[in-house]
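Coordinate analysis (summary)
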Amino acid sequence: MNNSRLATAFITTITISGLAMLGGSLVSLLKTNALHEYQFLALLLLGAVTSRTKVKLPGINGTMSVNLPFMMIAAAQLSLFEAVVVALVSAILQSIPKRGGQFQPVKVLFNASTIVLAAGAAAILLHNGKLVSMHASVALLAACSIFFLVNTLPVATIISLTEGSGMMRIWSSIIHLSFPYYVACTGVTSMVTVVSQRVGWQGPLAALPVMLLMYRSYQRYFESATKSARIAPATAKPLARAAAAN
């Protein structure tokens, strides 16, 4: 089986898994009828708006968006179904290309399914009574860890299958570039959860300026890294010619 068939099979598997998570969350909602109207609408709007605020990871075919903490906050504060819907809407909007880019339905489907799986798994852990009874921070750490793994491993796998590069090398690059961001988002989620207990559904609004500032910092850092990578080969060529002449 060639890489193209493997990639198709992998995308199909992730898509079916994402649909199963969405269906399971709907069944859970029908059983519990747990809805958080204002919190849900606020997080849905914040996730949708910040999903278009993203930076491209240098060296690999991937992006990082500001919507991550709002998906994690939804997983912590809302029902499983609501958390999955916030993730689904955010992922779809995040995957739509900017003006002039080509719309790729398969890419949107894969990205949405991956993030739905990650958010659903995180929400399940955050609503696990045994984990929460240990300590809220233990449940949050476990949830953020599973979100990171479920979100990044499939991305590294599909890039490896479509581009022919080593999966572990790609995943290592993703970890190097995005892991600090996930750690920061875990801290933001923890703080917003505490604030929300005091002020209610408006709590997540406090995270917005923090995430926009973080986005701007990452944007500048990655732009600088990309420019350095472009300058280095251009500088190396004259040096190589000079060495050969000597």
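Residues numbered from 1 in each chain as written. Predicted model: local features only at pLDDT ≥ 70, side-chain atom pairs only at ≥ 80, totals over all residues. Heavy atoms only, no water.

**What to know about the overall build of the chain**
Heads up, the rule is: In DSSP terms, a helix is any run of H or I states spanning at least four residues, a strand is any run of E spanning at least two, and both are numbered starting from the N terminus. Three exposure classes are used, based on accessible area relative to the maximum for each residue type with a 1.4 Å probe and protein chains only: buried under 20%, partly exposed in between, and exposed over 50%. In this analysis, two residues are considered to be in contact whenever any of their non-hydrogen atoms come within 4.5 Å of each other. Values of accessible area rely on a 1.4 Å probe in the Shrake-Rupley scheme; residue burial ignores everything except the protein chains shown.
When its secondary structure is counted, the chain shows nine helices and two strands. Ordering the α and β elements of the chain from the N terminus gives α-α-β-β-α-α-α-α-α-α-α. Residues classed as buried in the chain amount to 41% of the 246 residues present. Relative to all contacts within the chain whose residues are 6 or more apart in sequence, the contacts with residues 24 or more apart total 72%. If you sum the accessible surface of the chain, you get close to 13300 Å²; carbon and sulfur atoms cover 66% of it.

**Regarding helix H2 (residues 37-50)**
One turn of an α-helix holds 3.6 residues; hence residues three or four places apart share an orientation. Filter applied, for reference: Here the expected length of a helix is defined as 1.5 Å per residue gap, with one fewer gap than residues.
For H2, which comprises 14 residues, the first-to-last C-alpha distance of 20 Å matches the rise-based estimate of 20 Å (1.5 Å per residue) to within 8%. If you check which residues of H2 are buried, you get Gln 39, Phe 40, Ala 42, Leu 43, Leu 46, Gly 47, Ala 48 and Thr 50.

**Remarks on the nonpolar core**
Selection criterion: Nine residue types can take part in a nonpolar core, namely buried Ala, Val, Leu, Ile, Met, Phe, Trp, Tyr and Cys, and a core is a set of them joined through side-chain atoms within 4.5 Å.
The biggest cluster of nonpolar side chains holds 52 residues, and the ones touching the most others in it are Leu 43, Leu 68, Met 72, Val 86, Leu 126 and Phe 147. Elements that contribute at least two residues to this core include exactly helix H1 (3-32), H2, helix H3 (68-77), helix H4 (80-95), helix H5 (105-126), helix H7 (136-163) and helix H8 (167-199). With residues up to four places along the chain from it excluded, the contact list for Val 86 reads Phe 40, Leu 43, Leu 44, Phe 70, Met 71, Ala 74 and Leu 78.

**A few points about the packing of aromatic side chains**
Definition in use: Between the rings of Phe, Tyr and Trp (Trp by its six-membered ring), a pair exists once the centres lie within 6.5 Å; its type follows the angle of the planes, with under 30 degrees stacked, over 60 edge-to-face, and the other angles tilted.
Summed over the entire model, instances satisfying the criterion amount to five aromatic pairs. For the ring pair Phe 147 and Tyr 182, a centre distance of 6.5 Å and an interplane angle of 50° mean the geometry is tilted. Of this pair, Phe 147 sits in helix H7 while Tyr 182 is found in helix H8, placing the two residues 35 residues apart along the sequence. The same class applies to Phe 147 and to Tyr 182, which are both buried. Pairing Tyr 181 with Tyr 182 gives two aromatic rings, centres 6.5 Å apart and planes at 85°, and the pair type is edge-to-face. Classification of Tyr 181 as buried rests on a relative accessible area of 4%. Three or more aromatic residues joined by ring pairs form one cluster here, namely Phe 147, Phe 148, Phe 179, Tyr 181 and Tyr 182.

**Description of the confidence of the model for the chain**
Rules: You can read pLDDT as the predictor saying how much it trusts each residue, on a scale of 0 to 100.
Averaged over every residue, the pLDDT of the chain is 80; the share at 70 or more is 76%. The least confident element of the chain, judged by mean pLDDT, is helix H9 (residues 207-245) at 55; the most confident is H5 at 94. Here residues 231-246 scores under 50 on pLDDT; set against residues more than four positions off or in separate chains, the count is zero contacts.

**As for the packing of H3 against H4**
Note the cut-off: Axis definition: a line fit to C-alpha positions, over the contact stretch in the case of helices; interaxial angles, taken between N-to-C directions, run 0 to 180 degrees. Our angle categories are set so that under 35 degrees counts as roughly parallel, over 145 as roughly antiparallel, 65 to 115 as roughly perpendicular, and the remainder as oblique. Here a crossing is taken to be left-handed if its near helix is turned anticlockwise relative to the far helix by less than a right angle, and right-handed if that turn runs clockwise. The classification used treats Ala, Val, Leu, Ile, Met, Phe, Trp, Tyr, Cys and Pro as nonpolar, Asp, Glu, Lys and Arg as charged, and all other residues, Gly among them, as polar.
At a minimum axis separation of 8 Å, H3 and H4 run at an interaxial angle of 165°. Between H3 and H4, the interaxial angle falls into the category roughly antiparallel. You can see that H3 and H4 cross each other, and the crossing is right-handed. Contacts from Phe 70, Met 71, Ala 74 and Ala 75 in H3 reach Ala 83, Val 86, Ala 87 and Ser 90 in H4. The residue makeup of the contact of H3 with H4, split by class, is seven nonpolar, one polar and no charged.

**Comments concerning the side chain of Thr 15**
Following the sequence through the fold, Thr 15 ends up in helix H1. Thr 15 gets classed as buried once you look at its relative accessible area, which sits at 11%. Those residues in contact with Thr 15, other than ones at most four positions away along the chain, are Leu 109 and Ser 113.

**Observations concerning the environment of Leu 19**
On the secondary structure map, Leu 19 appears in helix H1. Assessed through its relative accessible area of 57%, Leu 19 is described here as exposed. Taking the C-alpha atoms as reference, Leu 19 lies 8.5 Å from Val 116; in sequence the two are 97 residues apart.

**As for the packing of H1 against H5**
Contact geometry for H1 and H5: axes closest at 8 Å, N-to-C directions at 45°. On the basis of their axis angle, the class for H1 and H5 is oblique. In the crossing of H1 with H5, the sense of the turn from one axis to the other is left-handed. On the side of H1, the interface is formed by Phe 10, Ile 11, Ile 14, Thr 15, Ser 17, Gly 18, Met 21 and Leu 22, while H5 contributes Val 106, Leu 109, Phe 110, Ser 113, Thr 114, Val 116, Leu 117, Gly 120, Ala 121 and Ile 124. Classifying every residue of the contact of H1 with H5 by side-chain character gives twelve nonpolar, six polar and no charged.

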